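# Residue-level structure breakdown
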Amino acid sequence: IKGLSQANAWGCFDEFNRIDLPVLSVVAQQIQSVLNGLKAHKTEFVFPDKDIVGLRPGVGFFITMNPGYAGRQELPENLKILFRGVTMMVPDRQAIMKVKLGGQGYKEDDLLSQKFYLLYNLCEQQLSKQRHYDFGLRNILSVLRTAGSVLRKATIKDEPFLFMRTLRDMNMSKLVFDDIDLFNSLLEDLFPKKNPEKNVYAEVEKALRHHCNENGLIYHPPWVAKCIQLYETKMVRHGLMVVGPDGVGKTMIYHMILKTLCDVDEKLGGMKHSEMRMNPKAITAPQMFGKLDAGTGDWHDGIFSSLWRQAVAKTRRQEGKKPHSVWLVCDGPVDAIWIENLNTVLDDN
């Protein structure tokens, strides 16, 4: 806040109501002191910590927030009165889809955007309500990026065919069993006479079969399909979540795909793969992410942040060494308290 006041700059504080209540009260005092200085047309003002700080007239403070989430605070009254509320309208998804499809090189952007918009509307209305389902903007943008990549690599330029395959492959992995047939029938209605074959990864499937036999696992087609879906998702996302009840084989999917990727990439002279695993619910948030020592001002890494540093050190390209891919696995139930802190890391922008 001091820096913004002196630099004549605007500052936007994203997800503002994630800050703890005592800190919010301090921020309110600091912003109040800046605004009082602006009202008095001063070039310098006294900050709450008694520092004399330069003040330029163009400084501005903006905040964004999502009220009503777990782990979020209600803004204190002395802070609310400092800001004028601006309510955001719902974005026009179809317009966004059309523009993005055109930008990715699709010539039939108008028709495909209509079908895409209708499909996701029907999915929201007709599929079962699952906590992990997301047919919002973030998912839409992810599908559009992948659709552009698929179009550029494709030898055939049948745009509806390629787009239908992308929609199917990007959404099938998250659907529960009861919704799969309904989703497929919606796709067939919107894209009649288009029935693309599933992508085949011969090397991956061969290595996966070998590791299943080696570990005494049955090569069960529905479970293998989930392994392949994890592999496909890994190619387009860096933040993944495997969801399901106990005993359905989630941990073994991780293990088998890691071993499979090690085999496949090693044959091609590529990278090594490994995992680091922790249980986020067995520890507190400061133990997981680290904390600042109030007495000395020193930062002490938590378990996750120290694992992160080790992973970054391993993935750095070093001469004479193979590149390394590290999976950081948070093995435990997801809740807003710990996953919120990974918001920016997992964001796909």
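We now turn to the structure provided with this report. All of these numbers come straight from a predicted model, not from anything done at the bench.

## Quick notes on the pairing of strand 8 (residues 324–330)
Counting buried residues in strand 8 gives five out of seven residues, a clear majority hidden from the surface. Note that strand 5 (residues 272–278) and strand 8 share seven bridges and pair parallel. The residue bridging E275 from the neighbouring strand is W327, located in strand 8.

## Some words on helix 6 (residues 137–153)
Taking 1.5 Å as the rise per residue, helix 6 with 17 residues should run 24 Å; its terminal C-alpha atoms sit 25 Å apart, in good agreement. Regarding helix 6, the residues found buried are N139, I140, S142, V143, L144, T146, A147, G148 and L151. Those residues of helix 6 hidden inside the fold are in contact with helix 4 (93–103), helix 5 (109–126), helix 7 (159–172) and helix 10 (221–236).

## Overview of the pattern of salt bridges
Scanning the entire structure with this criterion turns up 10 salt bridges. In this structure, K2 and D51 form a salt bridge, with 2.7 Å as the shortest nitrogen-oxygen distance. Note that K2 is positioned in helix 1 (residues 2–7) and D51 in the loop between strand 2 (44–46) and strand 3 (52–54), a separation of 49 residues in sequence. For K2, a relative accessible area of 25% gives the class partly exposed.

## So, the state of the cysteines
Under the counting rule described, the total for this entry stands at zero disulfides. Note on C212: no disulfide assigned, nearest cysteine sulfur contributed by C227 at a separation of 6.4 Å.

## A look at the environment of A147
You can see A147 is positioned in helix 6. Along the chain, A147 and E159 lie 12 residues apart, while their C-alpha atoms are 9.6 Å from each other.

## Observations concerning helix 2 (residues 21–39)
Counted at 1.5 Å a residue, the expected span for helix 2 with its 19 residues is 27 Å, and the 27 Å between its end C-alpha atoms agrees. Along helix 2, the positions that sit buried rather than exposed are L24, V27, A28, I31, S33, V34 and G37. Looking at the packing, one finds that the buried side of helix 2 touches helix 1, strand 2, strand 4 (60–63) and helix 3 (77–80). Where helix 2 ends, the next residue or the one after it, H41, has phi of about 55°, a positive value.

## A closer look at the nonpolar core
Counting residues in hydrophobic clusters, the biggest one holds 31 residues, and the most contacted among them are F116, L119, Y120, F163, L167 and F191. At the level of elements, helix 4, helix 5, helix 6, helix 7 and helix 8 (177–190) are the ones that each hand at least two residues to this core. Apart from the residues within four sequence positions on either side, L119 is in contact with L167, F183, L186, L187 and L190. Ranked by size, the runner-up nonpolar core spans 20 residues in total, among them V224, L230, Y254 and L258.

## Structural notes on the packing of helix 7 against helix 8
For the pair helix 7 and helix 8, interaxial distance at closest approach is 11 Å and the crossing angle is 165°. Here helix 7 is positioned roughly antiparallel relative to helix 8, judged by the angle of their axes. When you trace helix 7 past helix 8, the crossing you get is right-handed. Contacts between helix 7 and helix 8 involve M164, L167, R168, N171 and M172 from the first element and I180, F183, N184 and L187 from the second.

## A few points about a nonpolar patch on the surface
A cluster of nonpolar residues, W308, V312, V345 and L346, forms a patch on the protein surface that exposes about 300 Å² of accessible area. Breaking the nonpolar patch down by element, the ones donating at least two residues are helix 13 (303–315) and helix 15 (343–346). Here V345 is to be found in helix 15. Accessibility expressed as a relative area gives 35% for V345, which makes it partly exposed.

## Quick notes on unusual backbone geometry
Trans is the common state for peptide bonds, and a negative phi is the common state for residues other than glycine. Phi is positive for N8, close to 60°, though the residue is something other than glycine. Examined against the element boundaries, N8 turns out to sit in the loop between helix 1 and strand 1 (10–13). Using a relative accessible area of 30% as the deciding quantity, one classes N8 as partly exposed. Residues other than glycine seldom take positive phi values, yet K50 does so here, at roughly 75°. Relative to the helices and strands, K50 is located in the loop between strand 2 and strand 3. On the basis of relative accessible area, K50 is assigned to the exposed category, the value being 68%.

## Brief notes about the packing of aromatic side chains
A full pass over the atoms with the stated rule returns 12 aromatic pairs. With a centroid separation of 5.9 Å and 70° between ring planes, the pair formed by Y106 and F163 is classed as edge-to-face. One end of the pair, Y106, is in the loop between helix 4 and helix 5; the other, F163, is in helix 7, and 57 residues separate them in sequence. Seen in terms of ring centroids, Y254 and W327 are 6.1 Å apart; in terms of plane orientation they differ by 75°. Their pairing is edge-to-face. Here W327 lies in strand 8 and Y254 lies in helix 11 (residues 250–267), a separation of 73 residues in the sequence. Using a relative accessible area of 15% as the deciding quantity, one classes Y254 as buried. Taken together, the ring pairs connect Y106, F116, Y120, Y133, F135 and F163 into an aromatic cluster.

Thresholds, definitions, all that
Residues numbered from 1 in each chain as written. Predicted model: local features only at pLDDT ≥ 70, side-chain atom pairs only at ≥ 80, totals over all residues. Heavy atoms only, no water. Buried < 20%, exposed > 50% of the residue type's maximum accessible area, 1.4 Å probe, protein only. Helix = DSSP H or I, 4+ residues; strand = E, 2+ residues; numbered from the N terminus. Pairing = 2+ DSSP bridges. Expected span 1.5 Å × (residues − 1). Contact = heavy atoms within 4.5 Å. Salt bridge = Lys/Arg side-chain N within 4 Å of Asp/Glu carboxyl O. Disulfide = S-S within 2.5 Å. Core = buried A, V, L, I, M, F, W, Y, C linked by side-chain atoms within 4.5 Å. Axes fitted to C-alpha atoms, helices over the stretch in contact; angles between N-to-C directions. Parallel < 35°, antiparallel > 145°, perpendicular 65-115°, else oblique. Left-handed = near helix turned anticlockwise from the far one by under 90°. Patch = residues over 30% accessible without salt bridge, like charges linked within 9 Å, V, L, I, M, F, W, Y side chains within 5 Å. Areas by Shrake-Rupley, 256 points an atom, 1.4 Å probe, with all protein chains shown as cover. Phe/Tyr/Trp six-rings, centres within 6.5 Å; stacked < 30°, edge-to-face > 60°.

Fair warning: the whole summary comes from geometry, so function is off the table for now.
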